Amino acid sequence: MRWRDIDGDDAQDHGQPALFDGVDGAVVERRRGEGQFRGMEFLHVRTRTIINSLPARSRLPFRHTINAYRGCSHACSYCFARPSHEWLELDIDEGFERQVVVKVNAVERLAVELAPRRWAGEPIAMGTNTDPYQRCEVIYGLTRGLIEVLAAARNPFSVLTKSTLVVRDLELLADAARRTDVSVNLSIGTLDPDVWLATEPGTPHPKRRVEAIARLRQAGIPCGVLVAPVLPGLSDGADQLDAVVAACVEAGASSISGGQLVYLKPGTREVFLGHLARTHPHLVQRYQAWYPGTYAPADQRQRVRRLLDDSIRRRRGTQVEVRANRAPRRRPPTAAPRPPVPSSTQLRLGV
Ligand code: SF4
């Protein structure tokens, strides 16, 4: 689940319409994946800016974002970021999953852009467009490097991911949470193994994501769950939603939010329906009826929100927090010395 507000403002990189047009730098290198990355290609670019600021009219719960990768090997069939690959003249189906654009200078750019005379310390959200802990983060370590820089600058930030790789950075995140406001959210739309495999084939099993929440919470890191997207006819049953809530309450999630039904904008819609025709052909006609446009019918959306709300009240006695990954409050700087900003040596190119 990536973000989009009700005015249709994706949390895309506004002002960066294409990576290959000179605005964001040209591809400086193409790397073919090897070993577990066989079949993938990594397009290295040197970005001119890494912090993206959304227009003031945006109703998203954050103003500034960082996306170090474009394309995502998690391969969710419903991913709203797919059409952004078309802007780059890349394929939005398998190409989106196998050709990942890597902003190799993301960490060094952030260190420059966070300089006190340039940046007022506003919160920054990661994971708003593509997953910061997708598989190639093992190779490039850009998200880890970005967190190091943000923590050193005591700049509030949030992370949204579907990956258990976030646990790799547990100590780093715990340290950052002692310095500034940090929030992590795991996106878990369902625990149903069949739905998971059919729609998010490149992601870790959702039960492993629940375990990741527990690990992060035990380390003192604020970590919630975003129960989204919910897929009509696949993961919108009361029992299915309640199972996610129950597991995440048990894991100690610091917030539970979501309940958004999947939205299918042009491009994503065609890819999703193509996948659905292979995995659940009996649902294709119903989806075509439910989605004449981008959004599911209002009554369905309200029903799912209510089901989730009821489940959370029952399990936890709290209100649904409508939006997860809410931008954290800025914490005033303390007198503690700032550790040196790490260099960009996190870049490992053993593809
Ligand atoms: S995990 Fe990756 S493929 Fe899945 S929705 Fe998020 S960005 Fe898209």
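Up top is the structure these notes are about.
Residues numbered from 1 in each chain as written. Predicted model: local features only at pLDDT ≥ 70, side-chain atom pairs only at ≥ 80, totals over all residues.

Enquirer: Would you take a moment to explain the overall build of the protein chain for this structure?
Expert: Helices and strands together make up the secondary structure of the protein chain, namely 12 helices and 11 strands. Out of the 351 residues belonging to the protein chain, those deemed buried represent 48%. If you take every contact in the protein chain between residues at least 6 apart in sequence, the share linking residues at least 24 apart comes to 80%. (Helix = DSSP H or I, 4+ residues; strand = E, 2+ residues; numbered from the N terminus. Buried ≥ 20, exposed ≤ 12 C-beta atoms within 10 Å, placed from the backbone. Contact = placed C-beta atoms within 7 Å.)

Enquirer: How should helix 6 (residues 170-179) be read in this particular structure?
Expert: Two residues of an α-helix separated by three or four positions point the same way, owing to the 3.6 residues in each turn. Turning to helix 6, its buried residues number three or more, namely L173, A176, A177 and R179. The buried side chains of helix 6 occupy one side of the element, clustering within an arc of 155° when seen end-on. For helix 6, the exposed residues lying more than 90 degrees away from the buried face are E171 and R178. Turning to helix 6, the residues buried within the fold contact helix 5 (142-152) and strand 9 (182-187). (Arc of directions from axis to C-beta.)

Enquirer: What's the story with the pairing of strand 10 (residues 223-227) in this structure? I'm lost.
Expert: Residues in a regular strand point their side chains to alternate faces of the sheet. Counting buried residues along strand 10, 5 of its 5 residues qualify, which places the element largely inside the surrounding structure. Of the two faces of strand 10, the one lined by C223, V225 and V227 and the one lined by G224 and L226 are each fully buried. Examined bridge by bridge, strand 9 and strand 10 share 4 bridges and lie parallel to one another. Counterpart to V184 in the pairing with strand 10 is C223. Tracing the backbone out of strand 10, into helix 9 (residues 238-251) and back to the parallel element strand 11 (residues 256-258) gives a crossover that is right-handed. (Pairing = 2+ DSSP bridges. Right-handed = clockwise from strand over helix to strand, strands pointing away.)

Enquirer: I would appreciate a short explanation of the packing of helix 3 (residues 106-113) against helix 5 in the present structure.
Expert: Between two packed helices, the angle of one axis relative to the other and the distance separating the axes together describe the packing. Contact pair helix 3 / helix 5: the axes reach a minimum separation of 9 Å and the direction vectors enclose 15°. Taken as axis vectors, helix 3 and helix 5 run roughly parallel relative to one another. In this structure, the crossing between helix 3 and helix 5 has a hand that is right-handed. In contact with A106, V107, L110 and A111 of helix 3, helix 5 contributes L142, G145, L146 and V149. In the contact of helix 3 with helix 5, the residues fall into 7 nonpolar, 1 polar and no charged. (Axes fitted to C-alpha atoms, helices over the stretch in contact; angles between N-to-C directions. Parallel < 35°, antiparallel > 145°, perpendicular 65-115°, else oblique. Left-handed = near helix turned anticlockwise from the far one by under 90°. Nonpolar A, V, L, I, M, F, W, Y, C, P; charged D, E, K, R; others polar.)

Enquirer: I would appreciate a short explanation of the pairing of strand 9 in the present structure.
Expert: In terms of burial, strand 9 is a largely internal element, 6 of the 6 residues being buried. Residue alternation in strand 9 divides its side chains into two sets, V182, V184 and L186 and S183, N185 and S187, and both sets are buried. Taken together, strand 8 (residues 157-161), helix 6 and strand 9 constitute a β-α-β crossover, and its handedness is right-handed.

Enquirer: Before we go on, may I ask you to explain the site of the ligand in this structure?
Expert: Near the ligand there are 12 residues, and of these C72, H74, C76, C79 and D131 occur at the shortest range. Tallied by class, residues from the shell around the ligand come to 6 nonpolar, 3 polar and 3 charged. (Near = placed C-beta within 6 Å.)

Enquirer: It is not clear to me how helix 8 (residues 206-218) should be interpreted in this structure. Could you clarify?
Expert: An ideal rise of 1.5 Å per residue puts 18 Å on 13 residues; helix 8 measures up with 19 Å between its terminal C-alpha atoms. For helix 8, the elements touching its buried residues are helix 6, strand 9, helix 7 (193-199), strand 10 and helix 9. The first or second residue beyond helix 8 is G220, which carries a positive phi of 85°. (Expected span 1.5 Å × (residues − 1).)

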